[in-house]
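Residue-level structure breakdown
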Amino acid sequence: MSYLKVLEHPLITHKLTILRDKDTNPALFKSTLASLTALMSHDLFSHLATQPVTITTPLEDMQTQKLAKPPVLVSILRAGNGMADSIFDICPEASMAHIGMQRDPDTHEPLFYYEKYPQDLSMRQCILIDPMLATGGSAIMAADRLKEKRVSDIVFACLVAAPEGVHAFHNAHSDVPIITAALDRELNENCYILPGLGDAGDRIFNT
Ligand code: PRP
Ligand code: URA
């Protein structure tokens, strides 16, 4: 897989347009973010390994495939939860992990505050989830923490990425592919993505 995959699909573009519109109300924002993430799941799971299994249908035995090891969905709090719940619905065999971090409003550096993982984390593929990749600081710190726990197979999923964040993340974690619904133009002076969709956490949680 190449290090950056920007998904192209008419429905993805349509739903992103709804998310970007400042007049979209919180309920529609939340439901659209969930359905857009569900559309992305096809690509997010495409790297998962399967293994052969024999089952019996109502008519006969058959050889088929199932997931070798269900993945771990790693949500970067808070905004990651808006996407992760939707992916969890599609793959309920997965485990959900959480990494809590928040950008300092002045320095824009992420501040870590929480983490919780399944015990066999290092043996499993991790899908790291956060709607926004701005400076890249939060995603880089989250991937650092997973690697400290000896995770070797990580994919980063987001909705909107800035070129600055893609560059920084690739410099720090060149082995971790980024799958995004959009690659936007640039960051503003407050490190918000332009044109972007604003503060994802505030819009999901109506804060
Ligand atoms: C947002 C977003 C990312 C981060 C991206 O979260 O959800 O985690 O900013 O910015 P970066 O690439 O410059 O690190 P925020 O820190 O606002 O926390 P929240 O999810 O609690 O709103
Ligand atoms: N965090 C957000 O929620 N939005 C941005 O544009 C940048 C960081």
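The structure reproduced in this document is the subject of the present report. As the structure is a prediction and not an experimental result, all values here were calculated from the model. (Residues numbered from 1 in each chain as written. Chains lettered and ligands numbered in written order. Predicted model: local features only at pLDDT ≥ 70, side-chain atom pairs only at ≥ 80, totals over all residues. Heavy atoms only, no water.)

Let's talk about the site of ligand 2
Contacts to ligand 2 come from R103, M132, A134, C191, Y192, I193, G198, D199 and A200. Here a nitrogen atom of ligand 2 and a backbone polar atom of G198 are 2.8 Å apart. Protein contact buries 88% of the 240 Å² of open area that ligand 2 shows by itself. A per-class count over the shell around ligand 2 returns six nonpolar, one polar and two charged. (Near = heavy atom within 4 Å. Polar contact = N/O pair within 3.5 Å; in protein donor to acceptor, adjacent residues only side chain to side chain. Areas by Shrake-Rupley, 256 points an atom, 1.4 Å probe, with all protein chains shown as cover. Nonpolar A, V, L, I, M, F, W, Y, C, P; charged D, E, K, R; others polar.)

Observations regarding the site of ligand 1
The environment of ligand 1 is made up of 15 residues, and the closest members are R103, D130, T135, G136 and S138. Here A79 contributes a backbone N or O atom positioned 3.1 Å from an oxygen atom of ligand 1. Take R103: an N or O atom from its main chain is 2.7 Å from an oxygen atom of ligand 1. Of all the elements in the fold, those that place two or more residues in the shell around ligand 1 are β5 (95-103), β8 (132-133) and α4 (137-148). (Helix = DSSP H or I, 4+ residues; strand = E, 2+ residues; numbered from the N terminus.)

Some details on the nonpolar core
Counting 36 residues, the largest nonpolar core has L19, M40, L73 and L159 as the members making the most contacts within it. Counting only elements with at least two residues in this core, the list comes to α1 (10-20), α2 (26-44), α3 (80-90), β7 (126-129), β9 (154-161), β10 (178-183) and α6 (200-205). By residue number, the principal contributor to this core is α2, which donates five residues. Once residues lying within four places of it in the same chain are set aside, the contact partners of L73 are F45, A84, I87, F88, A94, S95, M96, A97, I127 and I129. (Core = buried A, V, L, I, M, F, W, Y, C linked by side-chain atoms within 4.5 Å. Buried < 20%, exposed > 50% of the residue type's maximum accessible area, 1.4 Å probe, protein only. Contact = heavy atoms within 4.5 Å.)

Topic: the packing of α4 against helix α5 (residues 163-172)
Any two packed helices are characterised by how steeply their axes cross, that is the angle between the axes, and by the distance between the axes. Where α4 meets α5, the axes come as close as 9 Å, and the angle between the chain directions of the two elements is 20°. Overall, the two elements α4 and α5 adopt an arrangement that is roughly parallel. Where α4 crosses over α5, the handedness of that crossing is right-handed. Judged by residue contacts, A139, I140 and A143 of α4 engage A168, F169 and A172 from α5. Of the residues in the contact of α4 with α5, the class split is six nonpolar, no polar and no charged. (Axes fitted to C-alpha atoms, helices over the stretch in contact; angles between N-to-C directions. Parallel < 35°, antiparallel > 145°, perpendicular 65-115°, else oblique. Left-handed = near helix turned anticlockwise from the far one by under 90°.)

Here's the deal with the environment of L11
Turning to its location among the elements, L11 is positioned in helix α1. In this structure, the C-alpha to C-alpha distance between L11 and V176, residues 165 residues apart in sequence, is 26 Å.

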